[in-house]
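Each chain, written out:
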Amino acid sequence: MPTASDTTKTTETTKSVSAGPSGTGGTPPGRGAQGGRRKPEFTARRGFLIAAFMAPAAVFVAVFTYYPMIAGSQMAFRNWKLADLTDTSWVGLKNFRDVFADPAWGTVLGNTGIWVFGSIVPQLVIGFALALWLRKKFRFRGLYQALIFFPWAISGFLIGILFRWMFNSEFGVVNDLLQKVGLIDEPVAWLADPQTAMFAVVVANIWYGVTFFTIMILAALQSIPEELYEAAALDGAGKVRTLFQITIPYIRVTLALTVLLRVIWIFNFPDLIFGMTGGGPNNETHIVTTWMIKITQQGDYGRASALGLIVVATLLVFAVFFLLATREKREVKS
């Protein structure tokens, strides 16, 4: 028969086993044999809860984004004019042919190219230079950053109105400064002359968009380890070599994505032009998006929708080719 001492030993052995090797009470609830948290099982009830939480956002996006896109797309193939809504018959590609046959199409297309590429290159160069400057530590650097970042918080239309007054031929500050330094002898009608109007709106857009490049590039520059620059200095690398062999390769992904975003935004940025010239004089500052708005205001929704589809297709093709090109360059360099 077991004695009292045997019973005591058995009880102590059971407690030590249940307490585990660390004496903390065994395996904690909710943990498996590996010591990690047990993954919750996916049940029908859990899936229903996830769907219920996502449903409001999905309905909102579908109603206010995808439905207008689909409705607007089908309008591009119909005779949809505000003057006569009784006849919305199917016309196929007629609206697209009307867009390409319009005498203003060539001017608008050329203006769009000048608007995009004439703005993006100076914005990139100036923004990069400002980011390199702001990366250094100097007195009142925070104040300079605030002053440079401030324009991005202002509406594009308001910027357009501001520059319209600055380029005014009678009392604009641009003519006043140019006359004082002796670059012009008499005031220039910047926004009324077809030869200078596009130049004026591009200058305004460069000033407005430099901030975005500065913000994005400065954030990328701050992620570069200082050890790389110290190693380059020990190897005797100069500033130009360091820029092209360390700085630019390290942030090339950020540069590529920033350029892609800016091209898309500039292409779809009619606010500033409407604030400055409204597309005039004689369509000389109209780009594709401002011209599309003008056609919409004239009541020809079918032709405006066709032009909108052309814009979407152009941006999609550009985005695909740009991403493929930058990816190939990254693979070659890696």
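Just so it is clear, the structure is predicted and the values come from calculations on it, not from any experiment.

Helix and strand content of the chain: 14 helices and zero strands. Out of the 334 residues in the chain, the part that is buried amounts to 32%. Taking contacts inside the chain between residues at least 6 apart in sequence as the whole, the part at least 24 apart equals 66%. Approximately 21,100 Å² of the chain is accessible, and the part contributed by carbon and sulfur atoms is 66%.

Right, let's talk about the side chain of N205 for a bit. Topologically, N205 is positioned in helix α8 (residues 197-221). With relative accessibility at 0%, the residue N205 sits in the buried group. Ignoring anything within four residues of it in the chain, the contact list for N205 reads W115, S119, Q123, R262, I266, F269 and L272.

What follows covers helix α13 (residues 288-297). Since the α-helix turns once every 3.6 residues, residues separated by three or four places project in the same direction. Buried within α13 are the following residues: V288, T289, T290, W291 and I295. The first or second residue beyond α13 is G299, which carries a positive phi of 95 degrees.

Tallying each qualifying case throughout the model produces five salt bridges. Between D102 and R303 there is a salt bridge whose closest N-O contact spans 3.1 Å. Separated by 201 residues along the polypeptide, D102 in the loop between α3 (94-101) and α4 (105-135) and R303 in helix α14 (residues 301-333) bring together distant segments of the chain. Classification of D102 as partly exposed rests on a relative accessible area of 22%. Judged by relative accessible area, which is 13%, R303 ranks as buried. The closest approach of N and O atoms between D176 and K180, which form a salt bridge, is 3.4 Å. Here K180 and D176 lie together in helix α7 (residues 173-180), a separation of four residues that amounts to about one turn.

Geometrically, the link from G280 to P281 is a cis peptide bond, its omega value of -5 degrees lying close to zero. By secondary structure assignment, the location of P281 is in the loop between α12 (271-276) and α13. Positive phi, normally seen in glycine, also occurs at N283, with a value near 65 degrees. Within the secondary structure, N283 is located in the loop between α12 and α13.

This next bit is on the packing of aromatic side chains. Counted according to the given criterion, the structure contains 17 aromatic pairs. Considering the side-chain rings of F77 and F96, the 5.5 Å spacing of their centres and the 45 degrees angle between planes classify their relative orientation as tilted. In this pair, F77 sits in the loop between α2 (44-75) and α3 while F96 sits in helix α3, placing the two residues 19 residues apart along the sequence. Looking at F77, the relative accessible area reads 24%, which means it is partly exposed. The exposure class assigned to F96 is buried, which follows from its relative accessible area of 14%. Pairing W152 with W265 gives two aromatic rings, centres 6.4 Å apart and planes at 35 degrees, and the pair type is tilted. Of the two residues, W152 is situated in the loop between α5 (141-149) and α6 (156-166) and W265 in helix α11 (residues 252-267); the sequence distance between them amounts to 113 residues.

What counts, and where the lines are drawn
Residues numbered from 1 in each chain as written. Predicted model: local features only at pLDDT ≥ 70, side-chain atom pairs only at ≥ 80, totals over all residues. Heavy atoms only, no water. Helix = DSSP H or I, 4+ residues; strand = E, 2+ residues; numbered from the N terminus. Buried < 20%, exposed > 50% of the residue type's maximum accessible area, 1.4 Å probe, protein only. Contact = heavy atoms within 4.5 Å. Areas by Shrake-Rupley, 256 points an atom, 1.4 Å probe, with all protein chains shown as cover. Salt bridge = Lys/Arg side-chain N within 4 Å of Asp/Glu carboxyl O. Phe/Tyr/Trp six-rings, centres within 6.5 Å; stacked < 30°, edge-to-face > 60°.

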